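# Architecture at a glance
Okay, here's what each chain looks like letter by letter:
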Amino acid sequence: MQTKVFNVHDPRFKEIPTLENTLKALFFVSSVFALVFLADATGKYFDSIQNIAGAPKFFLKWTLLLTIGFWINFLFMAMAILIHEAAHKMFAKTRWVNELAGNLMGFPIFLPFNSYRNAHFVHHRILRDKGNDPEAGFHLEKSTFERLIVGALRNSSVLTRNAKNLFLNKSAPKKERRLALLDLGSRLAATIFWYFFISKCGLSFLYVLVPFFGMSGLVYSLRGTLDHHGLPAAKKVNDRCILVHEKLCYITHTNRAMEIVWSNVNYHTVHHMYPQV
């Protein structure tokens, strides 16, 4: 293992690649829709061919469909990482653009931006506190199955429950309740949108939804496992969880294309030490 020392720039002088982030978001969204049509076409193509039958046909068809589902979720995760940037006001230089981008990108992937932002900031404050860290489902489950499958589903349900509870809390600030309502409305609207989009375009619900939901837990939890799993245990200092080796962290070496697509998430533990850099 190599240990290197990096200079951390003053966050006041950080460079925010607004144009690059915007172009990436547009590319990710268009690619998702292209893959949705590809999944539908793949399933229907195998239904139409007669020279392959039985188990080989079934296996080949669903192997290809789940592979497409993996890449759809891969792009969804790339969008989720951009939403993470917007939550930290690093998607764009102005606050309202970050708010707009976060909500718009969260809409098609069922990620309520405001609830996510609230939970994510708590995650930063109490990192790896199993009893309270709202993102612990990604990286603190007891088994590989729980991390790769249950974690993503649990995290998604937590965000929806948080939004509902905040909206129903009449003592909460009106602005926070309005944002919670926006999150709940966004999830409902996304469900309606995808239903009518699949229906009106003549797509198969089976060949679109099964590959997507079949691979979503794997991709989402795999990312959470890779960027958090293996971190040293946290300790509480003044009600805040910090890493025991707070001056040490790890990065994942990868190629430039992967860094661009997943917005340098391989430096995620550095980000936990310096969230605004």
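Everything discussed here concerns the structure shown above.
Residues numbered from 1 in each chain as written. Predicted model: local features only at pLDDT ≥ 70, side-chain atom pairs only at ≥ 80, totals over all residues. Heavy atoms only, no water.

### Some details on the packing of helix α1 (residues 18–48) against helix α7 (residues 174–200)
- One can describe the packing of α1 onto α7 by two numbers: an axis separation of 12 Å at closest approach and a directional angle of 45°. Accordingly, the angle class assigned to the pair α1 and α7 is oblique. Here α1 and α7 pass one another in a crossing that is right-handed. Within the contact between the two elements, α1 uses Val32, Phe33, Val36 and Phe37 and α7 uses Phe193, Trp194 and Phe197.
- Taken together, the residues of the contact of α1 with α7 break down into seven nonpolar, no polar and no charged. (Axes fitted to C-alpha atoms, helices over the stretch in contact; angles between N-to-C directions. Helix = DSSP H or I, 4+ residues; strand = E, 2+ residues; numbered from the N terminus. Parallel < 35°, antiparallel > 145°, perpendicular 65-115°, else oblique. Left-handed = near helix turned anticlockwise from the far one by under 90°. Contact = heavy atoms within 4.5 Å. Nonpolar A, V, L, I, M, F, W, Y, C, P; charged D, E, K, R; others polar.)

### Structural notes on the environment of Met215
- If you trace the backbone, Met215 turns up in helix α8 (residues 205–228).
- Note: C-alpha distance between Met215 and Ile68 (147 residues apart in sequence) is 9.2 Å.
- If near-sequence neighbours (up to four positions away) are discounted, Met215 is found in contact with Leu66, Gly69, Phe70 and Asn73.

### Points about the packing of helix α2 (residues 54–87) against helix α4 (residues 113–125)
- Contact geometry for α2 and α4: axes closest at 10 Å, N-to-C directions at 70°. With respect to each other, α2 and α4 are oriented roughly perpendicular. Of the residues in α4, those in contact with Ile83, His84, Ala86 and Ala87 of α2 are Phe113, Tyr116, Arg117, His120 and Phe121.

### Considering α4
- Under the 1.5 Å per step criterion, the end-to-end length of α4 is 18 Å for 13 residues, consistent within 8% with the ideal 18 Å.
- Among the residues making up α4, those that are buried are Phe113, Asn114, Ser115, Tyr116, Arg117, Ala119, His120, His123 and His124. (Expected span 1.5 Å × (residues − 1). Buried < 20%, exposed > 50% of the residue type's maximum accessible area, 1.4 Å probe, protein only.)

### Observations concerning the nonpolar core
- Membership of the largest hydrophobic core comes to 41 residues, with the highest contact counts inside it found for Val36, Ile72, Phe76 and Ile109.
- Elements that contribute at least two residues to this core include exactly α1, α2, α3 (95–106), α4, α7 and α8.
- It is α2 that provides the largest number of residues to this core, a total of 15 residues.
- When residues no more than four places from it in sequence are discounted, the contact partners of Ile109 are Phe76, Met79, Ala80, Ile83 and Tyr220. (Core = buried A, V, L, I, M, F, W, Y, C linked by side-chain atoms within 4.5 Å.)

### Focus: a positive patch on the surface
- A cluster of like positive charges, contributed by Lys89, Arg95, Lys174, Lys175 and Arg178, occupies part of the molecular surface.
- Considering every element that reaches the positive patch, the biggest residue donor is α7, with three residues.
- Relative to the helices and strands, Arg178 is located in helix α7.
- Taking the relative accessible area as the measure of exposure, Arg178 reaches 55% and is therefore exposed. (Patch = residues over 30% accessible without salt bridge, like charges linked within 9 Å, V, L, I, M, F, W, Y side chains within 5 Å. Areas by Shrake-Rupley, 256 points an atom, 1.4 Å probe, with all protein chains shown as cover. Salt bridge = Lys/Arg side-chain N within 4 Å of Asp/Glu carboxyl O. Lys, Arg positive; Asp, Glu negative; His and termini not counted. Charge placed at Lys NZ, Arg CZ, Asp CG, Glu CD.)

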